[in-house]
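Structure assessment
Each chain, written out:
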Amino acid sequence: MSSLFNMTEIIFLGFSQSQHLQKVIFVMFLLMYTAIVLGNGLIVVTIMSSKGLSSPMYFFLSYLSLVELCYCSVTAPKLIFDSLLKRKVISLQGCITQIFFLHFFGGTEIFLLTVMAYDRYVAICKPLHYVTIMNRRVCGFLVGAAWSGGLLHSAGQAFLIFQLPFCGPNIIDHYFCDVHPLLKLACSDTFLISLLVIINGGSISVISFAVLLASYVVILHSLRSHTAEGRRRALSTCASHLAVVGLFFIPCSFVYMRPCITLPVDKIVAVFYTVVTPLLNPIIYSFRNTEVKNAMRRLVRRKMSWEAK
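The structure displayed is predicted, hence computed values, not measured ones. (Residues numbered from 1 in each chain as written. Predicted model: local features only at pLDDT ≥ 70, side-chain atom pairs only at ≥ 80, totals over all residues. Heavy atoms only, no water.)

**Side note on the pattern of salt bridges**
Here the structure, examined in full by the defined rule, presents 4 salt bridges. Ionic pairing is found between R87 and E9, a salt bridge with its closest N-O pair at 2.6 Å. Here R87, found in the loop between α2 (56–82) and β2 (88–91), pairs with E9, found in strand β1 (residues 9–12); they are 78 residues apart in sequence, far enough to count as distant. Classification of E9 as partly exposed rests on a relative accessible area of 27%. R120 is the salt-bridge partner of D119, the closest N and O atoms lying 2.9 Å from each other. Of the two residues, D119 and R120, neither departs from the other in class, the shared state being buried. (Salt bridge = Lys/Arg side-chain N within 4 Å of Asp/Glu carboxyl O. Helix = DSSP H or I, 4+ residues; strand = E, 2+ residues; numbered from the N terminus. Buried < 20%, exposed > 50% of the residue type's maximum accessible area, 1.4 Å probe, protein only.)

As structure tokens, this is what we get:
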């Protein structure tokens with residue numbers, strides 16, 4: 001274990017070494033992160049404080065927004081802070097910690113999206129039994145299972161990385177720590193570890209995507225017997241979910257479901273699943289939803305009336 005800490009710090013190359021571009025990056029990501037915090041935070045507060053948004057769909061959405069907020073916070077604040085510095089450094093222990101939380105919240109999000117697809121399946125295909133099947137206890141269990149699945153996934157990734165000795169070079173061509181870039185810094189054979197990393201991350205993605213695909217195949221098949229208005233409302237809800245799934249799964253699959261190699265384009269792709277998806281989640285899921293918008297208006301009016309008193 002002593003060899004693990006021969007390399008005590010890691011240097012990020014980030015997006016650019018140009019001082020001008022780093023200022024642009026600082027402003028851009030600061031604005032995006034602020035919007036993510038405000039948008040997802042507003043969704044969580046609105047759903048928790050509104051009695052009219054008590055259905056399982058909104059229950060899961062509140063947790064998805066919370067996870068998106070936490071997930072983005074693992075990488076974005078460090079990126080914003082580093083864009084002001086010439087030398088972007090993180091300790092080795094901090095790097096492994098970042099990997100743990102990145103995969104914890106990322107894995108939890110994958111499982112939550114799968115749970116939400118199951119919720120839509122029950123709502124559309126078994127509407128008469130929906131309240132019975134998706135009761136409060138079941139919803140709580142599914143959310144707990146999503147968090148537990150994310151924890152097991154991230155603990156597995158961090159454990160595999162922690163077994164390796166790192167002795168340099170200590171430079172990563174990225175803006176945050178992740179499994180593939182860090183494996184390149186190991187000074188031992190990483191073939192088996194790389195294989196286990198791919199199996200760990202790939203199996204979750206493949207199984208979850210298969211469940212999502214199966215759910216929507218059944219949903220689309222069952223919609224044939226619905227009225228035109230029923231089909232329109234169901235497709236609107238499902239389209240929002242599929243948009244978030246696509247924005248998250250496609251770039252994640254590109255990075256994690258391949259041999260442990262790093263590509264220059266990985267940094268740009270990572271922006272989509274660490275920043276863009278959490279940014280668009282409030283717009284795709286909530287700000288197009290009349291019930292959520294009305295609940296937000298009521299919440300703002302209530303807050304203004306309290307301040308007036």
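**Observations concerning the sheet that holds β1**
Spatially, the 3 strands line up as an open sheet ordered β2-β1-β3, and their pairing is mixed. The sheet is open, and its two borders are formed by β2 and β3 (171–172), each paired with just one other strand. Here 2 bridges tie β1 to β3, and the two strands are oriented parallel to one another. Paired with I11 across the two strands is I171, which belongs to β3. Helix α3 (residues 92–125) contacts β1 and β2 of the sheet and is inclined by roughly 85° relative to β2. (Pairing = 2+ DSSP bridges. Contact = heavy atoms within 4.5 Å. Axes fitted to C-alpha atoms, helices over the stretch in contact; angles between N-to-C directions.)

**Digging into the packing of aromatic side chains**
All told, the structure shown has 14 aromatic pairs when counted by the stated rule. Both rings, one in F100 and one in F101, keep their centres 5.1 Å apart while their planes meet at 85°; by these two values the pair is edge-to-face. Where F100 meets F104, the ring centres are 6.2 Å apart and the plane angle is 25°; that geometry is what we call stacked. Residue F100 and its partner F104 are located together in helix α3, separated by 4 residues, close to a single helical turn. Within the aromatic cluster, the residues linked to one another by ring pairs are F100, F101, F104, F105 and W147. (Phe/Tyr/Trp six-rings, centres within 6.5 Å; stacked < 30°, edge-to-face > 60°.)

**Focus on the nonpolar core**
Among the nonpolar cores identified, the biggest contains 66 residues, and F60, F248 and Y273 are the most heavily contacted of them. Every element with two or more residues in this core is listed here: α1 (19–49), α2, α3, α5 (136–162), α7 (191–222), α8 (228–256), α9 (266–286) and α10 (290–308). Once residues lying within four places of it in the same chain are set aside, the contact partners of F248 are Y71, G106, E109, I110, L113, Y273 and T277. (Core = buried A, V, L, I, M, F, W, Y, C linked by side-chain atoms within 4.5 Å.)

**A short note on the UniProt feature "transmembrane region" (unreviewed entry) in the protein**
UniProt's entry tags residues 24–45, 57–76, 96–118, 138–162, 191–222, 234–256 and 268–287 with the feature "transmembrane region" (unreviewed entry), counted in the numbering of this structure. Across residues 24–45, the secondary structure splits into 100% helix and 0% strand, with the terminal C-alpha atoms separated by 31 Å. The span residues 138–162 is 100% helix and 0% strand, and its two end C-alpha atoms sit 36 Å from each other. (UniProt positions renumbered as here; feature names shortened; annotations may be inferred.)

**A short note on the state of the cysteines**
By the definition in use, this model includes 1 disulfide. Residue pairing for C95: its cysteine sulfur links by disulfide to C177, the two sulfurs lying 1.9 Å apart. Disulfide C95-C177: the torsion about the S-S bond is -115°, which places it as left-handed. With C95 in helix α3 and C177 in the loop between β3 and α6 (179–183), the pair connects residues that are 82 residues apart, well separated along the chain. (Disulfide = S-S within 2.5 Å.)

**Side note on the layout of surface pockets**
The volume enclosed by the largest pocket comes to roughly 760 Å³. Along the wall of the largest pocket there are 24 residues; nearest its centre are M57, R120, R233, A234 and T237. Residue assignment for the lining of the largest pocket shows that the elements contributing at least two residues are α2, α3, α8, α9 and α10. The element that contributes the greatest number of residues to the lining of the largest pocket is α8, accounting for 7 residues. Split into classes, the residues belonging to the lining of the largest pocket amount to 11 nonpolar, 8 polar and 5 charged. There is about 210 Å³ of room inside the second largest pocket. Lining the second largest pocket are 13 residues, and of these I47, M48, F59, S62 and R136 lie nearest its centre. Sorting the residues of the lining of the second largest pocket by element identifies α1 and α2 as the ones contributing at least two each. Of the residues forming the lining of the second largest pocket, the biggest block, 5 residues, is contributed by α2. For the lining of the second largest pocket, the class distribution of residues is 8 nonpolar, 3 polar and 2 charged. (1 Å grid on protein atoms, 1.4 Å probe; cavity = no way out; pocket = protein on both sides within 12 Å on 5 of 7 lines; lining within 4 Å. Points joined across faces, edges and corners; volume = space filled by probe spheres on them. Nonpolar A, V, L, I, M, F, W, Y, C, P; charged D, E, K, R; others polar.)

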